Number of protein chains: 2
Amino acid sequence: MHKLGTLQAGPCSAAERRKDIWVTASSRRRIPEATVARLPLYYRALMETGERQVATISSERLAELAGVNAAKVRKDLSYLGSYGTRGVGYDVEYLLHEISRELGLTRDWPVAIVGIGNLGRALANYRGFGARGFRVEVLIDADPALVGHQIGDLSVVSIDDLDRVVREHNIAIGILATPAGAAQEVADRLVAAGVTSILNFAPAVCSVPEGVSMRKVDLAIELQILSFYQLRRGTGGTAPPRERTG
Amino acid sequence: MHKLGTLQAGPCSAAERRKDIWVTASSRRRIPEATVARLPLYYRALMETGERQVATISSERLAELAGVNAAKVRKDLSYLGSYGTRGVGYDVEYLLHEISRELGLTRDWPVAIVGIGNLGRALANYRGFGARGFRVEVLIDADPALVGHQIGDLSVVSIDDLDRVVREHNIAIGILATPAGAAQEVADRLVAAGVTSILNFAPAVCSVPEGVSMRKVDLAIELQILSFYQLRRGTGGTAPPRERTG
DNA sequence: GCCTGTGAACCTTTTCACAGCA
DNA sequence: TGCTGTGAAAAGGTTCACAGGC
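Residues numbered from 1 in each chain as written. Chains lettered and ligands numbered in written order. Predicted model: local features only at pLDDT ≥ 70, side-chain atom pairs only at ≥ 80, totals over all residues. Heavy atoms only, no water.

Right, let's get into the overall build of chain A. Within chain A, the regular secondary structure consists of eight helices and 11 strands. Put simply, chain A has 246 residues, and 56% of those count as buried. Here the contacts in chain A between residues at least 6 apart in sequence split such that 59% fall between residues at least 24 apart. Accessible surface, chain A as shown: approximately 10,200 Å² in total, 50% of it carbon and sulfur. (Helix = DSSP H or I, 4+ residues; strand = E, 2+ residues; numbered from the N terminus. Buried < 20%, exposed > 50% of the residue type's maximum accessible area, 1.4 Å probe, protein only. Contact = heavy atoms within 4.5 Å. Areas by Shrake-Rupley, 256 points an atom, 1.4 Å probe, with all protein chains shown as cover.)

Residues and elements named next belong to chain B. Strands sit in the order β1-β3-β2 across an open sheet of three strands; the sheet is antiparallel. What marks the edges here is a single partner per strand, and that holds for β1 (56–57) and β2 (84–85). Pairing between β2 and strand β3 (residues 89–91): two bridges, direction antiparallel. Opposite Thr-85, over in β3, you have Gly-89 as the bridge partner. Across the face of the sheet, helix α4 (residues 92–103) comes into contact with β1 and β3 while running at roughly 70° to β3. (Pairing = 2+ DSSP bridges. Axes fitted to C-alpha atoms, helices over the stretch in contact; angles between N-to-C directions.)

This part takes up unusual backbone geometry. Unlike most non-glycine residues, Gln53(A) shows phi in positive territory, near 60°. Secondary-structure assignment places Gln53(A) in the loop between α1 (33–51) and β1 (56–57). Given a relative accessible area of 71%, Gln53(A) falls into the exposed group. At Asn170(B), a position not held by glycine, the phi torsion is positive, near 60°. Counting through the fold element by element, Asn170(B) comes out in the loop between α6 (162–168) and β9 (173–176).

Neighbouring residues of DNA strand C: 30 residues in total, closest Arg38(A), Asn69(A), Ser59(B), Gly84(B) and Tyr90(B). Take the atoms of DNA strand C that sit within 4 Å of the protein: sugar and phosphate atoms are 71% of them. Contact distances for DNA strand C include 3.1 Å between a base nitrogen and a side-chain N or O atom of Arg74(B). Contributing elements (two or more residues each) for the surface near DNA strand C: α1 and α3 (70–80) of chain A together with α3 (70–80), β2 and β3 of chain B. Split by residue class, the surface near DNA strand C holds eight nonpolar, 11 polar and 11 charged. (Near = heavy atom within 4 Å. Polar contact = N/O pair within 3.5 Å; in protein donor to acceptor, adjacent residues only side chain to side chain. Nonpolar A, V, L, I, M, F, W, Y, C, P; charged D, E, K, R; others polar.)

Have a look at this one:
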């Protein structure tokens, strides 16, 4: 069993962290994980703002659009560099450019989805990935009855060919939508084929070696967390911890 | 526009937080958010262990199964109470019972899904919600062509009837799977109909009043975060921050 | 001897508050 | 005057290390 090498939605181990490695593309400063997780929010907010032909934006306005607070926006953006103008705000186009560069959205990332069940199919059809450079190019499933099936303009490939197709398409990011039982094995095979980022929807603990990142999305867990707070509200408590949503 | 009242996956505002409210069901201590987010992991690990007729489990073993470290497990469980036995470990059945009580999994939560597109349909068909008390009872969509459509054993209801059906079914938890543009309006209507927990899949900032919790799952954002670290690995960096995955 | 429970140390993240510059 | 950029303070979360009970 593997031990290390995954990225979590939450904060990570401090002791195990290698410092001074995660610097900006221009090698200036290290960007905290919490900040990285918010950059996509700013990106989206700026895209919407840019479409409205607005030239500059204040940290306050950006905060509102991204669903965070202004202090956070300023701190976060300061990690990228001093891109704002005091007394004025941030240039929308320029900031958008810098953030998309940091996030690697200026290039294309070919993506593979493994597990073409309900969820896998939904993800395969999801417009919104493609939008920002994430092109789903490969669909893989273990069920022979599904192999060859057409979904959108892709045809489902057998898991026996995983290694080959992943290499052929130069897949760097894999989406795992298999049942829990298959998750670890599929993750191992993806990594063996050269995948170094995995988005895991399978409701299972699953680990990858160092040098590979993995993020987990677990729908049942999200509901259980809501249930916790729901329960307390229902039984006489008040509101849960809060902040505007991003 | 609303301002407050949402729960985030990440840590929340401290200044805005009401302390001493989130105590255990037995009103003993406050449970930190980070701990609440891990309880479902322990729950799942214990369920799997319990099925194998194991009577007790050590923090180390539980940590391994949940994908966290042993110190965290002990700290987390200590917030619930002193349910372990020194020198021995935790009684699987008892701990399972306590955690499911804390998480509100001993009762049923009727759930409504709004937005029956690709994702909404996948969620509607997803077995694994039902498993732990989350029963999808209502499917809602704005598209007249979809209304009346049968999915599983449910029939899609018009958004015009949202208020009525949500009240009739006593829905407390709503799942938002609409396009971004509709998210805020639908959230408002859900809240107005009495929903106090929302799981939001729409790629949009969306806020709810105090007393309502909201968690966000954004697929595009997850990919963008992976892309950030992927980019740095590709350009000569080393592994990203790490911890075994939960 | 073994494993839990927990204060204390440490690290990360958030927030505050204001200096500094257009 | 207005808004950014950033040290410093505060809060939250994680890890350590060991006392304490089985």
